[in-house]
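Architecture and fold: a report
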Amino acid sequence: MPNSPSDAPRRVTVRRKGPLLVEGPVEVELEDGTVVASDRFRVALCTCRRSRRYPWCDTSHRDRT
């Protein structure tokens, strides 16, 4: 997704013991260089790596907190 000076900044919301909430649409580049995208208005990014849908949060963190 190209960025230009006219693009509004994306908001990222940090939650304790939870995912990062990012206003979308977003592209996420993984460690191996793979790029995944979502066109949703808000996405939850997993920070605990327990998600079966990583990098998207599937609330798996709730089972072990």
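Okay, so let's go over this structure. (Residues numbered from 1 in each chain as written. Predicted model: local features only at pLDDT ≥ 70, side-chain atom pairs only at ≥ 80, totals over all residues. Heavy atoms only, no water.)

Structural notes on the overall build of the chain
The criterion, for reference: Strands are runs of DSSP state E lasting at least two residues, helices are runs of H or I lasting at least four, and both sets are numbered from the N terminus onward. With a 1.4 Å probe rolled over the protein chains alone, any residue whose accessible area is under 20% of its type maximum counts as buried; one over 50% counts as exposed, and the rest are partly exposed. For the area figures, the Shrake-Rupley method with a 1.4 Å probe applies, and any residue is considered shielded solely by the protein chains shown.
From N to C terminus, the chain includes zero helices and five strands. Shown N-terminal to C-terminal, the secondary structure of the chain runs as helices and strands in the order β-β-β-β-β. When the 65 residues of the chain are sorted by exposure, 25% land in the buried category. Surface accessibility of the chain: about 5400 Å² in total, with carbon and sulfur atoms responsible for 45%.

Some remarks on the pattern of salt bridges
Keep this limit in mind: Whenever a carboxyl oxygen of Asp or Glu lies within 4 Å of a side-chain nitrogen of Lys or Arg, that contact is scored as a salt bridge.
Under the criterion given, the structure shown has two salt bridges. Between Glu 23 and Arg 11 there is a salt bridge whose closest N-O contact spans 3.8 Å. Placement of Glu 23 in strand 2 (residues 20-23) and of Arg 11 in the segment before strand 1 (12-14) is noted, with a sequence separation of 12 residues between them. Of the residues examined, Arg 11 reaches a relative accessible area of 55% and is grouped as exposed.

With respect to the environment of Cys 57
The condition is simple: In this description, contact between two residues means that some pair of their heavy atoms is separated by no more than 4.5 Å.
Turning to its location among the elements, Cys 57 is positioned in the segment after strand 5 (42-45). With a relative accessible area of 14%, Cys 57 lands in the buried category. Residues Cys 57 and Thr 47 lie 10 residues apart in sequence; the distance between their C-alpha atoms is 8.0 Å. Leave out the neighbours within four places in its chain, and Cys 57 touches Pro 19, Ala 44, Leu 45, Cys 46 and Ser 51.

Details of the pairing of strand 4 (residues 35-38)
For a regular strand, the rule is simple: side chains alternate between the two faces of the sheet. Note the cut-off: Any two strands between which DSSP finds at least two bridges are classified as paired.
Direction of pairing for strand 3 (residues 26-29) relative to strand 4: antiparallel, over a ladder of four bridges. Within strand 4, the position partnered with Glu 29 by the bridge is Val 35. Counted along the chain from strand 3 to the antiparallel partner strand 4, the turn is five residues long, and its residue Gly 33 has a positive phi close to 90 degrees.

Quick word on the sheet that holds strand 1
Note the cut-off: In this analysis, axes come from line fits to C-alpha atoms, helices being fitted only over the stretch in contact, and the angle between any two N-to-C directions falls in the range 0 to 180 degrees.
The strand order 1-2-5 describes an open sheet built from three strands, whose pairing is antiparallel. Where the open sheet ends on each side, the last strands, each with one partner, are strand 1 and strand 5. Mean inter-strand twist for the sheet, computed between neighbouring axes without regard to direction, equals 20 degrees. Pairing of strand 1 with strand 2, which is carried by three bridges, proceeds in the antiparallel orientation. The residue of strand 2 that forms the bridge with Val 12 is Val 22.

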